[in-house]
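Chain by chain, the residues run as shown.
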Amino acid sequence: MFDAQLNWQTLDKPQPQLSYYYQTPAGILAIQLQGELVSTVQWIINPPLDAKYSGLPTALEQQINNYWLTGKMTIRTGLLKQGTEFQRNVWCALYQIPPGITKTYGELAKELNTGPRALANPCRKNPFPLLIPCHRILAKTGLGGYAGASSGKLINIKAALLKHEKIDTHAV
């Protein structure tokens, strides 16, 4: 349904996995690439003591830096195709939500012709938080969860991302 919006790609043959740690204003990202494709992005709450903060491949670094300058994320780097068709449809729908806009699980579920609870799993399992903005999905009664957490540092990261995008988190 929405796959054309994201640059999903598959590997022709196994590629070595490269890992990067990248400091952002909201926290530390661990980014894994297989060949030229981004395979996962994760917020790291407690980075390993020996974590090396190395430069990302230039194009990916520019895309992430552009987010911190403008609040907009344009993914030009290939993403390793993963998840079910339903999950990819949800992730593509999330990617279409512009910065400064949020939706509730119910609103997005209505657009995708599914139930709000069905969206929780794809949001929690989003392999590319920040790149695919699941932080823009809110509970009907407040901020909701983020990356499988309902409190703590990951929720603080969600609030920081929304604040960066100029969304008043006190109103939700």
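Below: a short report on this structure. (Residues numbered from 1 in each chain as written. Predicted model: local features only at pLDDT ≥ 70, side-chain atom pairs only at ≥ 80, totals over all residues. Heavy atoms only, no water.)

## Some words on the pairing of strand β4 (residues 37-44)
With 6 of 8 residues buried, β4 is to be regarded as a mostly interior element. In the sheet, strand β3 (residues 28-34) pairs with β4 via 7 bridges, with the strands oriented antiparallel. Across the sheet, the residue bridging to Ile31 is Val41, located in β4. In textbook terms, the turn of a hairpin is the stretch between consecutive antiparallel strands, and for β3 and β4 this stretch comprises 2 residues, one of which, Gly35, has a positive phi near 60°. (Buried < 20%, exposed > 50% of the residue type's maximum accessible area, 1.4 Å probe, protein only. Helix = DSSP H or I, 4+ residues; strand = E, 2+ residues; numbered from the N terminus. Pairing = 2+ DSSP bridges.)

## Remarks on the layout of surface pockets
Taken as a whole, the largest pocket spans an internal volume of roughly 160 Å³. Tallying contributions element by element places helix α4 (residues 116-124) first for the lining of the largest pocket, with 3 residues. By residue class, the composition of the lining of the largest pocket is 8 nonpolar, 2 polar and 2 charged. (1 Å grid on protein atoms, 1.4 Å probe; cavity = no way out; pocket = protein on both sides within 12 Å on 5 of 7 lines; lining within 4 Å. Points joined across faces, edges and corners; volume = space filled by probe spheres on them. Nonpolar A, V, L, I, M, F, W, Y, C, P; charged D, E, K, R; others polar.)

## Digging into helix α1 (residues 58-70)
Given 3.6 residues per helical turn, the α-helix brings residues three or four places apart onto the same face. Between its terminal C-alpha atoms α1 stretches 18 Å, which fits the 18 Å expected from 13 residues at 1.5 Å a residue. By the burial criterion, the buried members of α1 are Leu60, Gln63, Ile64, Tyr67 and Trp68. The arc enclosing the buried residues of α1, seen along the axis, measures out at 140°, which places them on a common side. The exposed residues of α1 that point more than 90 degrees off its buried face are Thr58 and Leu69. Taken together, the buried residues of α1 touch β2 (17-23), β3, β4 and α5 (153-164). Note on α1: the residue one or two positions beyond its end, Gly71, has a positive phi of about 85°. (Expected span 1.5 Å × (residues − 1). Arc of directions from axis to C-beta. Contact = heavy atoms within 4.5 Å.)

Interpretation note: all reported values are geometric properties and have no functional meaning in isolation.
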